[in-house]
Amino acid sequence: MRNTCILFSVAVLLSACSRATSAPSDVVPGQSFQLVEGQYARVSNTTVALQFVGANDSRCPSDVVCIAAGEAVIALAFNGAGADRTDTLKLVTKPNSTTYGGYLFEATDLLPYPKSQGTVP
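All figures in this text were calculated on a predicted structure; none of them were measured in a lab. (Residues numbered from 1 in each chain as written. Predicted model: local features only at pLDDT ≥ 70, side-chain atom pairs only at ≥ 80, totals over all residues. Heavy atoms only, no water.)

J.: Describe the packing of aromatic side chains, listing the residues and the values that go with them.
T.: This model, assessed by the stated rule, comprises 2 aromatic pairs. Each member of the aromatic cluster is reached from another via a ring pair, and the members are Phe78, Tyr100 and Phe105. Geometry around Phe78 places Arg85 over its ring, the cationic atom sitting 5.7 Å from the centre. (Phe/Tyr/Trp six-rings, centres within 6.5 Å; stacked < 30°, edge-to-face > 60°. Lys NZ or Arg CZ within 6 Å of the ring centre and 35° of its normal.)

J.: Residues and numbers for the sheet that holds strand β5 (residues 49–57), please.
T.: Spatially, β2-β4-β5-β6-β7 is the arrangement adopted by the 5 strands of the open sheet, whose pairing is mixed. Bordering the open sheet on either side are β2 (25–27) and β7 (85–90), each of which pairs with just one other strand. Pairwise comparison of adjacent strand axes, ignoring direction, gives a mean angle of 35° for this sheet. When β5 meets strand β6 (residues 72–79), the two strands line up antiparallel, connected through 8 bridges. Bridge pairing in β6 places Asn56 opposite Val73. (Pairing = 2+ DSSP bridges. Helix = DSSP H or I, 4+ residues; strand = E, 2+ residues; numbered from the N terminus. Axes fitted to C-alpha atoms, helices over the stretch in contact; angles between N-to-C directions.)

J.: Tell me about the pattern of salt bridges, and please be specific about residues and values.
T.: Tallied over the entire structure, the rule returns 4 salt bridges. Between Arg59 and Asp109 there is a salt bridge; the shortest N-O distance is 3.9 Å. Here Asp109 lies in strand β9 (residues 103–111) and Arg59 lies in the loop between β5 and β6, a separation of 50 residues in the sequence. With relative accessibility at 7%, the residue Arg59 sits in the buried group. By relative accessible area, Asp109 is classed as partly exposed at 23%. As a salt-bridge pair, Asp87 and Arg85 come within 2.9 Å of each other at their nearest N and O atoms. Through salt bridges with shared partners, a single network forms among Asp57, Arg59 and Asp109. (Salt bridge = Lys/Arg side-chain N within 4 Å of Asp/Glu carboxyl O. Buried < 20%, exposed > 50% of the residue type's maximum accessible area, 1.4 Å probe, protein only.)

J.: Which residues make up the pairing of β9, and what values do they have?
T.: For a regular strand, the rule is simple: side chains alternate between the two faces of the sheet. Note that strand β8 (residues 97–100) and β9 share 4 bridges and pair antiparallel. When the sheet's bridge partners are listed, Thr99 is paired in β9 with Leu104. Hairpin connection between β8 and β9: a loop of 2 residues separates the two successive antiparallel strands, and Gly101 in this loop has a positive phi of roughly 60°.

Right, dumping it as structure tokens:
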């Protein structure tokens with residue numbers, strides 16, 4: 001399984017580079033942060049929390065010329081500020097941001113960027 005990272009900007013920035021879970025880490029509004037797939041984060045001094053659930057990445061590989069750019073779709077689970085919910089954000093098209101608990105969460109990148117699996121004979 002490929003490890004993925006997501007970059008967000010609370011407004012919020014998120015990135016995931018390996019599969020792991022850990023206790024919630026505090027993130028400061030206005031600063032970028034990264035999350036590993038499955039990891040939680042909490043907005044400092046609030047009950048607002050999010051989890052990077054996973055991603056589906058069909059972006060055009062960096063070493064290939066494509067007709068279409070493709071898309072990266074990111075799933076985030078939110079809780080702590082009313083009803084729990086899961087949102088999906090996109091990197092190439094809209095929506096690339098969502099609000100929850102009065103905070104704006106914006107997806108800015110998903111790492112690693114795809115590369116082709118090899119050449120076709």
